[in-house]
Amino acid sequence: MFGILRPCRHTLPGGLKADWTGHLCGLCLALRDEHGQLARTVTNYDGLVVSVLVDAQTPAEPRRRRAGPCPLRGFRTAGVATGEGARLAAAVSLVLASAKLADHAADGDGAMSRRPVAAAAQALSRRWAGQARSGSAALGFDAGVLLDAVARQPAAELSAGNGVAGLLAATEPTETATAAAFAHTAVLAGRPGNVAPLAEAGRLFGRLAHLLDAVADRRADDVAGAWNPLTATGTDLVTARRLADDATLGVRLALADVDWERPRLAHRLLVHELERAVGHAFAHAGGPGKTDPETDPEKVDLTKHRDPAGDTAGGRFGNRRGLLGGCAAAIGLCCTCQLCCADEFPGPWSGQRRQGLCANNDCGFCDCCDGCTDCCDCCDGCDCCDCNC
């Protein structure tokens, strides 16, 4: 799972968590249905925004279908997004994954330093690109715009000069691709007047995605001697943060010009969560806006989240699985993220219902109104925080 928008369950108030999960699962199932089981591995947090945008603009009630139990949902069923929005999100996600795979293969990252592995990765990248083209054609969208941007990226990086101008030259292909994807959501929703503002929001979202990826990877890239847009253009973190803040403001302003039907989740993700992602990325990079150690989610004392009635000490008060069985169940719960993200999950040894580690508001990123105390214009009147602004 990759992407810059990774909301905590407590930053999605009301029914927004269920909506977000529905779009995420809908993207995963659309990838499976349209492109096969392997394609489900490219499910990502940013791609689902395309599905969210289509629903947010469509006058009719969002299309949902009942999906069966899944480990990532704690083996619960769920109503998941379906239709053109999910299919467009699937095509966009394939292009994103194709680009990432090709980039890693070209850089020889990890196992891809071996030629056979790199060759296989490049072949899979081409396959996904072809599937994205065919899948998007049925939706009236030319994925060639996205694929052309992917193809131009290496040249854009090589020709990037120094300073902000060079950095923006390197982010331009990503900006162009995301602008096209965001704009087409207005076409699918039958809102032609939204094409221009959504294209602008998409362009700036693409800039942020590229920029935050560079911020997150800068140290590792410098150690490995890999190309990084910040290092290559001599852009420091202060300047990068300024560009990121300008882009988040630009997204907010562009979204204000969109004619919405149900904007709450789109606004939550593309305004509040986007700003949160920027702060988080720079805090962990040691740049401007460093997180308070007392609220840094990586430094929170997780013992505060333990259920006193839970299966401590190897489940000695209710050991129903045994040591080995409980260990296997614990590994499964960890690998499927239920220990952190599920509302409830069965204790690995006792089977008792327990809450995930983010089940209360101590994760450091759970203030639903982003810290506003008087709720004056904190949500631009969209009621996304349920604070009756």
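Cut-offs and rules
- The written sequence of each chain sets the order in which its residues are numbered from 1.
- Whole-chain, interface and lining totals are the exception, using all residues; otherwise, since this is a predicted model, local features are given only for residues with pLDDT of at least 70 and side-chain atom pairs are given and counted only at 80 or more.
- Think of the side-chain values as coming from all heavy atoms in the structure, minus any hydrogens and water.
- Under the scheme used here, helices are H or I runs from DSSP no shorter than 4 residues and strands are E runs no shorter than 2 residues, and both carry numbers assigned from the N terminus.
- Each residue is assigned to one of three classes by its accessible area relative to the maximum for its type, calculated with a 1.4 Å probe on protein chains only: buried under 20%, partly exposed between the two thresholds, exposed over 50%.
- Here a residue-residue contact requires only that any non-hydrogen atoms of the pair lie within 4.5 Å.
- Surface exposure here means Shrake-Rupley accessible area, sampled with a 1.4 Å probe, where a residue is shielded only by the protein chains that are shown.
- Pairing between strands is defined by DSSP: at least two bridges between the two strands are required.
- The salt bridge criterion pairs a side-chain nitrogen of Lys or Arg with a carboxyl oxygen of Asp or Glu, the two atoms within 4 Å.
- Every axis corresponds to a line fitted to the C-alpha atoms, with the helix fit spanning only the stretch in contact, and the corresponding angles, defined between N-to-C directions, vary from 0 to 180 degrees.
- Reported orientations rely on four angle classes, namely roughly parallel under 35 degrees, roughly antiparallel over 145, roughly perpendicular from 65 to 115, and oblique for the rest.
- Each residue gets one label: Ala, Val, Leu, Ile, Met, Phe, Trp, Tyr, Cys and Pro are nonpolar, Asp, Glu, Lys and Arg are charged, and the others, such as Gly, are polar.

## A word on the overall build of the protein chain
A count of helices and strands for the protein chain gives 12 helices and four strands. Taking all 389 residues of the protein chain together, the buried fraction comes to 49%. By sequence separation, contacts in the protein chain at least 24 residues apart represent 68% of the contacts at least 6 residues apart. Roughly 18000 Å² of accessible area belongs to the protein chain as shown, and the carbon and sulfur atoms make up 55% of that amount.

## Here's the deal with the pairing of strand E2 (residues 76–81)
The pairing of strand E1 (residues 64–70) with E2 spans five bridges and is antiparallel. The residue of E2 that forms the bridge with Cys70 is Arg76. What sits between the antiparallel neighbours E1 and E2 is a turn of five residues, in which Gly74 has the positive phi angle 70°.

## Observations regarding the pattern of salt bridges
For the coordinates displayed, the defined rule picks out 16 salt bridges. The shortest N-O distance in the salt bridge between Glu172 and Arg152 comes to 2.7 Å. Pair noted here: Glu172 is in helix H6 (residues 163–188) and Arg152 is in helix H5 (residues 144–159), with a separation of 20 residues, a long-range link. A network of salt bridges, in which partner residues are shared, links Glu175, Glu200, Arg203 and Arg207.

## A short note on the environment of Leu48
Here Leu48 shows up in helix H2 (residues 48–57). Exposure remark for Leu48: the relative accessible area of 0% places this residue in the buried category. In this structure, the C-alpha to C-alpha distance between Leu48 and Leu88, residues 40 residues apart in sequence, is 9.3 Å. In this view, Leu48 contacts Trp20, His23, Leu24, Leu27 and Leu269; residues no more than four positions away in its chain are not counted.

## A look at the side chain of Gln131
Relative to the helices and strands, Gln131 is located in helix H4 (residues 115–137). The class of Gln131 is buried, set by a relative accessible area of 16%. If we skip the residues at most four places from it in the chain, Gln131 touches His35 and Leu94.

## Brief notes about the packing of helix H1 (residues 16–35) against helix H3 (residues 84–107)
Following both chains from N to C, one finds H1 and H3 inclined at 75°, their axes separated by 8 Å at the closest point. Comparing the axis directions of H1 and H3 gives the class roughly perpendicular. Residues Gly26, Leu27, Ala30, Leu31, Glu34 and His35 of H1 pack against Ala86, Arg87, Ala89, Ala90, Ser93 and Leu94 of H3. Across the contact of H1 with H3, the residue classes break down as seven nonpolar, three polar and two charged.

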